[in-house]
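Listed here are the chains, written in short residue letters.
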Amino acid sequence: MKYIKDISSYTLEVKQSKFIAWLTPYDTYKNTLEDLKKEHPKARHFVTAYRYLNEYEQIVEHSSDDGEPKGTSGRPSLMVLQGQKLINTAVIIVRYFGGTKLGTGGLVRAYSDSVNLVINEASVLEYQKDFFTTIEIEYSDIRFIEYECEAFNVSVLEKYFDTKTVYKIKADEESMKKFLEKVKRVVKIVL
């Protein structure tokens, strides 16, 4: 499985109709859609498709034709995301009608092509499941832990300072194992 980290866009023109595809991480999908509707008030359609992993590691999918003939836009866009094995990713295609009808086959081709082209422009990364844990450390070891977090690509989500310092951290499985092995002498795993 793969995912994208940053928003990408690509414009495809077919018979004077413009298809502006925006590929976005699922986390920013709703805000991006709202912004695009404000940015493009004269656009005819805002076709969407997304795939994401829920808390049970199940893939949730959805697509919308937004006024295009049924099955000619949202579903083909979703099928491209499926074919590319993208998760936690959404695509929004803004369409400006150019005056020439494309027909159902032409619409399917135009939407599929625009999604494929924006994926080619995007920086696609291999998905790795994140692991979360909470560690407890002495205040005097903070600099060492901060350095090792950076070295092993471990993200610090939260910090609590009391008699001991508590960090909530996340990383992919391999990075987390290596990090915990390296810092085991100064860390107590809480969760």
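Throughout this document, residue positions are counted from 1 along each chain, in the order its sequence is written. For a predicted model such as this one, the threshold for reporting local features is a pLDDT of at least 70, and the threshold for listing and counting side-chain atom pairs is 80 or more; totals across whole chains, interfaces and linings nevertheless cover every residue. Each side-chain value is worked out from all heavy atoms of the structure, with water and hydrogens disregarded.

### Some words on the sheet that holds strand 6 (residues 89–96)
Then comes step 1: Judged by pairing direction, the sheet is antiparallel, and its five strands sit side by side in the order 2-3-6-4-5 without closing on themselves. Looking at strand neighbours, the two that pair on one side only are strand 2 (8–14) and strand 5 (59–64), the edges of this open sheet. This sheet shows a mean twist of 10 degrees between the axes of neighbouring strands, independent of strand direction.
Then comes step 2: Bridge count between strand 4 (residues 45–53) and strand 5: six bridges; the pairing is antiparallel. At least two DSSP bridges between two strands are needed for those strands to be called paired. Numbered from the N terminus, helices here are DSSP runs of H or I no shorter than four residues, and strands are runs of E no shorter than two. Orientation is described by lines fitted to C-alpha atoms, with helices fitted over the stretch in contact, and by angles between N-to-C directions that extend from 0 to 180 degrees.

### Focus on the layout of surface pockets
Then comes step 1: Its volume calculated, the largest pocket comes out at about 830 Å³.
Then comes step 2: Of all the secondary-structure elements, those providing two or more residues to the lining of the largest pocket are strand 1 (2–4), strand 4, strand 8 (130–137) and strand 10 (165–172).
Then comes step 3: The leading source of residues in the lining of the largest pocket is strand 10, at three residues.
Then comes step 4: Three categories are distinguished: nonpolar for Ala, Val, Leu, Ile, Met, Phe, Trp, Tyr, Cys and Pro, charged for Asp, Glu, Lys and Arg, and polar for the others, with Gly belonging to the last. Along the lines of polarity and charge, the residues of the lining of the largest pocket split into ten nonpolar, five polar and eight charged. The way it works is a 1 Å grid over only the protein atoms, where trapped points that fit a 1.4 Å probe form a cavity and open points with protein on both sides within 12 Å along at least five of seven lines form a pocket, and then any residue with an atom within 4 Å of a point lines it. Grid points are joined across faces, edges and corners, and a volume is the space filled by probe spheres set on the points.

### Side note on the pattern of salt bridges
Then comes step 1: Salt bridges are defined by distance alone: a side-chain nitrogen of Lys or Arg within 4 Å of a carboxyl oxygen of Asp or Glu. Counted under the stated rule, the structure contains seven salt bridges.
Then comes step 2: Between K159 and E146 there is a salt bridge whose closest N-O contact spans 2.9 Å. With a gap of 13 residues between them, K159 in strand 9 (residues 155–161) and E146 in helix 4 (residues 142–151) connect regions that are remote in the sequence.
Then comes step 3: Between K178 and E174 there is a salt bridge; the shortest N-O distance is 3.1 Å. Pair noted here: K178 and E174 are both in helix 5 (residues 173–183), with a separation of four residues, about one helical turn.

### Let's talk about helix 2 (residues 74–83)
Then comes step 1: G74, P76, S77, L78, V80 and L81 are the residues of helix 2 that are buried.
Then comes step 2: For helix 2, the secondary structure elements touched by its buried residues are strand 3 (17–25), strand 4, strand 5, strand 6 and helix 3 (103–121).
Then comes step 3: Residue K85 follows helix 2 closely and has a positive phi angle near 55 degrees. Think of it in three bands: residues with accessible area under 20% of the maximum for their type are buried, residues over 50% are exposed, and the middle band is partly exposed, with areas taken using a 1.4 Å probe on protein chains only. Any pair of residues with heavy atoms lying within 4.5 Å of one another is described as a contacting pair.

### Quick notes on the packing of aromatic side chains
Then comes step 1: For this analysis, a ring pair means two rings from Phe, Tyr or Trp (six-membered ring only for Trp) whose centres lie within 6.5 Å, classed as stacked if their planes differ by under 30 degrees, edge-to-face if by over 60, and tilted for the remaining angles. For the coordinates displayed, the defined rule picks out eight aromatic pairs.
Then comes step 2: With a centroid separation of 6.1 Å and 15 degrees between ring planes, the pair formed by Y26 and Y29 is classed as stacked.
Then comes step 3: With 5.1 Å between their ring centres and 55 degrees between their planes, Y29 and Y50 make a pair best called tilted. You can see Y29 sitting in helix 1 (residues 29–39) and its partner Y50 sitting in strand 4, a full 21 residues away along the chain. For the pair shown, Y29 and Y50 are each scored as buried.
Then comes step 4: Ring pairing ties together the aromatic residues Y26, Y29, Y50 and Y52, which thus form one cluster.
Then comes step 5: By the criterion adopted, a ring carries a charge over it if an Arg CZ or a Lys NZ lies within 6 Å of its centre and within 35 degrees of its normal. Sitting over the face of the ring of F144, R185 holds its NZ or CZ atom 5.1 Å from the ring centroid.

### Quick look at the environment of K42
Then comes step 1: Mapped onto the elements, K42 comes out in the loop between helix 1 and strand 4.
Then comes step 2: Considered as a pair, K42 and R95 are 53 residues apart in the sequence and their alpha carbons are 9.4 Å apart.

### Considering unusual backbone geometry
Then comes step 1: Of note, Q16 is a non-glycine position whose phi angle comes to about 70 degrees, a positive value.
Then comes step 2: Mapped onto the elements of the fold, Q16 is located in the loop between strand 2 and strand 3.
Then comes step 3: Of note in this structure, N88 is not a glycine but carries a positive phi near 50 degrees.
Then comes step 4: Relative to the helices and strands, N88 is located in the loop between helix 2 and strand 6.

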